[in-house]
Amino acid sequence: MIHFLLLFSRQGKLRLQKWFTPLSEREKKKVIRDMTMSVLSRPPRTSNFLQWRDLKIVYKRYASLYFCVGLDEKDNELLALEMIHRYVELLDKYFGNVCELDIIFNFEKAYFILDEFLMGGEILETSKFAVGGSVEEADTLQETMEEYMSKPAY
Amino acid sequence: MMTNLSRTSFTILDDSSPFLASLRLNMPAPIRLRELIRTIRTARTQAEEREMIQKECAAIRSSFREEDNTYRCRNVAKLLYMHMLGYPAHFGQLECLKLIASQKFTDKRIGYLGAMLLLDERQDVHLLMTNCIKNDLNHSTQYVQGLALCTLGCMGSSEMCRDLAGEVEKLLKTSNSYLRKKAALCAVHVIRKVPELMEMFLPATKNLLSEKNHGVLHTSVVLLTEMCERSPDMLAHFRKLVPQLVRILKNLIMSGYSPEHDVSGISDPFLQVRILRLLRILGKGDDDSSEAMNDILAQVATNTETSKNVGNAILYETVLTIMDIKSESGLRVLAINILGRFLLNNDKNIRYVALTSLLKTVQTDHNAVQRHRSTIVDCLKDLDVSIKRRAMELSFALVNGNNIRGMMKELLYFLDSCDPEFKADCASGVFLAAEKYAPSKRWHIDTIMRVLTTAGSYVRDDSVPNLIQLITNSVEMHAYTVQRLYKALLDDISQQPLVQVASWCIGEYGDLLLSGQCEEEEPIQVTEDEVLDVLEGLLVSNLSTPVTRGYSLTAIMKLSTRFSSVNRIKKVVSIYGSSIDVELQQRAVEYNALFKKYDHMRPALLERMPIMEKTASNGPTEIVQTNGETEPSVVEPKHPPPINQPASQGNDLLDLLGGNDVPVIQTTMPTKPASAGGELLDLLGDLSLGGPAPAPAPPAPTSQPPFLLDGLSSQPLFNDIAAAGIPPMTAYNKNGLKIDFTFERANPNPNVAVITIHASNSTEADMTDFVFQAAVPKTFQLQLLSPSSNVVPALNQGTVTQVIRVLNQQKQQLRMRIKLTYTHKGSAVQDLAEVNNFPPQSWQ
């Protein structure tokens, strides 16, 4: 299973964090620090894999963003690269030529898309269209202002 | 570019219509989410950002206090953004729960997101979610159900899982594929948290694989995999699914282009890989299942497109499966060859996984992996650190007697140029491989030298004693070794392990260095002074550690019996008698004492070391005592073998005597740890010094002064009064040579009998080159210490004494065979005898 998925910029600023194992805030911060340090310091022309504690770390850079996942020993690293790529494609389809700013300003949507793609550290849906379709349909359920104000909260 | 966002920009998160503001009695609406993000990003310093955040947090807190339903959603969203920047957001936890409980979808969406980010199972507050989730699992809108399943499946605690497993199980049976796939992964999470609940999901798995929907198929395979991994019973139960899985996989491969699942020409690689992984688990150890999947594996292995990463990902998984199940050998070779091809791939990632996989298979399919040895060795030159490391590990695994020379060349080259983080492991690996497969002793020594000189400072501490032991055992290479080490010292004295080994060797074999006996290469011309210069240089150099200094001082001392520059050595030793370093000082003081008072003992004490036995390659061996700290001080319990004869002499005795109840002479080193004072005691106690002929009467405690270094006589020190009653005996008396035995019991071990032989010569001519040897039955252990001399003077003018220690654990009757050789009146004499007349007290 995937233990975590992190997105961070080349300056080490966190843009997204998804955790699939329970960790304290402190432990999460440590992981983020370690990941950003390890990944950002990798020399060019090295593989996309590294070992960290007992996890395989797979990372890939897309423009100014690094996508970084922590996997179990028995997971397939090459497939993880495909998985990261699929997520980027999904973001791209939803936002239209996605860039880092889109994810900064619409982080909650990036999460909604992620939650239709992965769950509990495993891939939930392998169809390119189904994920985007679900998110968009769910979007329609979000109330307009009028609806929001008129609906009782509880 | 926000094409899909037009609708949502009018939600509560972003609306800024004045209508809303007016509802709130002229209080300003909380700043919009995107507005806040924009504002915070304008901060130029960390301090500025912190100030903005604090201000906004204060506003949000008061809004929460007012129980504002309208803007809760917006405020929590902002809080989540600030949380991502690293600021505390725990005061929003309860607000998330309120959002989850709301009827509005927008609220729920943000609320569940907040719960997943801010809440965790360690805090009790998360349990408050349970009821909301339960309700939402039964909601009429599938997207609400989806939110609940997602949250439960990502961060549900064991208690929540227990409470809600039933709901999940229900949803696992629904025909709604959107919900079914989510329920499947939620079930996986439940099982991970509460494995006992696995059973309850079994019925629902019945027709999971008949689904057409890929999402459901994929998550079902994940669920089945989880169950099979956790329970052998489940594994056995699900084996029957193999044909179905094979069919699904086949369809994926054969099916035409499917736009929604296609990745570079391959249909749903994610599902393919998961199926391959499940097949691996099901086929492992099971002949039938393995056979059933053989064809499809071969098909995937041969037909998958390898030009893109996705194809290689599938091949990788296929190879892992082939290697793990009971596949036929042809398929296994195919798999290894795929890995071999991977190694040649330009893509580093592919080379990396190939090396990792080969490392896993090298034990079981050694020969097949050997074929790719040269490619693997090439990977040592890769720039990627992870690849280099794996290539190194794999290279060591592939070394064998046939390729040792070639492999070692590559590995030594690697050692020269690799990063420091590798050097220690590489050096250890080289030593191990060299020890196992060295084609010749010379090669072995050369290899060790190479490692010490190129990576000398990275070599592990335990290598030093191991190497010393190795060198002692390569008797014929001593001259060559010491010469090479000496030359290395002339070049560089900074690498401590090298310096320590070199000092030890020069101390031991310095005489060979001088005499220029080296056969292997041109012997160097060196004087005693030059050698002593080098060793003294180590003592004063700032580069030398205290341990190294200890080695070199002892080496200098040893040379006092091998060189003639005794005065120079005496001077050095006396200088260090006042050294600040306590260890060095102690050594110097004791060596000084050796010069002053016990000069006659010096040659025996500083003799050549015997061949050391290695009891275990990693465990504590005698060699541990020869570690820098305690080695090789004079005060070590070095009991040299009988009269410097190598062990083969013992075998001669065996041959002569025949029979199988006569064991080899035991000359093992005692395993007592070397501690200066104590050992000196033992040493001197056991040595009998040539002196006036001792009375063969039982040694009574004499009026010897208590200080043990003084007043040594031929009386052994171990005076156990209780054992004093053992009468002495004559063991041999022939041709003028008489050998008497006197006995003690050793303290503290009463099973050890200490026998002192007293050899006297009643003829008119001396018996020179006198050698006494003894053998005892197998149940005994015997230790022969150094004789006082090897000349038995004529006409009973003196005796040669020698101590034998016999361990008689089984309290059997002591018997002994002895062999005597000496030169008398110009001719060599040899005799054998049995000694059976031991007094009963000596062995009871």
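Conventions and cut-offs
- Residues numbered from 1 in each chain as written.
- Chains lettered and ligands numbered in written order.
- Predicted model: local features only at pLDDT ≥ 70, side-chain atom pairs only at ≥ 80, totals over all residues.
- Heavy atoms only, no water.
- Helix = DSSP H or I, 4+ residues; strand = E, 2+ residues; numbered from the N terminus.
- Buried < 20%, exposed > 50% of the residue type's maximum accessible area, 1.4 Å probe, protein only.
- Contact = heavy atoms within 4.5 Å.
- Areas by Shrake-Rupley, 256 points an atom, 1.4 Å probe, with all protein chains shown as cover.
- Domains from an automatic or database assignment.
- UniProt positions renumbered as here; feature names shortened; annotations may be inferred.
- Pairing = 2+ DSSP bridges.
- Axes fitted to C-alpha atoms, helices over the stretch in contact; angles between N-to-C directions.
- Phe/Tyr/Trp six-rings, centres within 6.5 Å; stacked < 30°, edge-to-face > 60°.
- Lys NZ or Arg CZ within 6 Å of the ring centre and 35° of its normal.

1. What about the overall build of chain B?
Check the secondary structure of chain B and you find 35 helices and 10 strands. Across the 844 residues of chain B, 57% fall into the buried class. Contacts in chain B between residues at least 24 apart in sequence constitute 68% of all its contacts with a sequence separation of at least 6. Carbon and sulfur atoms make up 51% of the accessible area of chain B, which amounts to about 35,200 Å² in all.

2. A short note on the domain arrangement of chain B
Domain assignment breaks chain B into domain 1 (461–606) and domain 2 (729–842). Distance from the C-alpha centre of domain 1 of chain B to the C-alpha centre of domain 2 of chain B: 36 Å.

3. Details of unusual backbone geometry
Residue Glu67 of chain B is not a glycine yet carries a positive backbone phi of 55°. One can find Glu67 of chain B in the loop between helix 3 (46–65) and helix 4 (72–84).

4. Some remarks on the UniProt feature "domain: AP complex mu/sigma subunit" (unreviewed entry) in chain A
Mapped onto the present numbering, the UniProt feature "domain: AP complex mu/sigma subunit" (unreviewed entry) falls on residues 1–141 of chain A. Each end of residues 1–141 of chain A is marked by a C-alpha atom, and these two atoms are 31 Å apart; helix forms 47% of the span and strand 26%.

5. A few points about the sheet that holds strand 2 (residues 14–19) of chain A
Residues and elements named next belong to chain A. As summarised here, the arrangement of the 5 strands in space is 2-1-5-4-3, forming an open sheet in which the pairing is antiparallel. Lying at the two open borders of the sheet, with one neighbouring strand each, are strand 2 and strand 3 (49–52). On average, each strand axis in the sheet is tilted by 20° relative to the strand beside it, whichever way the strands run. The pairing of strand 3 with strand 4 (residues 55–62) spans 4 bridges and is classified as antiparallel. Considered in strand 4, the bridge of Trp52 is made with Leu55.

6. Things to note about the packing of aromatic side chains
This structure, assessed with the given rule, holds 16 aromatic pairs over all chains. Geometrically, the ring pair formed by Phe8 of chain A and Tyr66 of chain A is stacked, given 5.9 Å between the ring centres and 20° between the ring planes. Of this pair, Phe8 of chain A sits in strand 1 (residues 2–9) while Tyr66 of chain A sits in strand 5 (residues 65–71), and the two are 58 residues apart along the sequence. Members of the aromatic cluster, each reached through a chain of ring pairs, are Tyr62, Phe67, Tyr87 and Phe117 of chain A. The cationic tip of Lys104 of chain B hangs over the ring face of Tyr148 of chain A; the distance from NZ or CZ to the ring centre is 4.1 Å.

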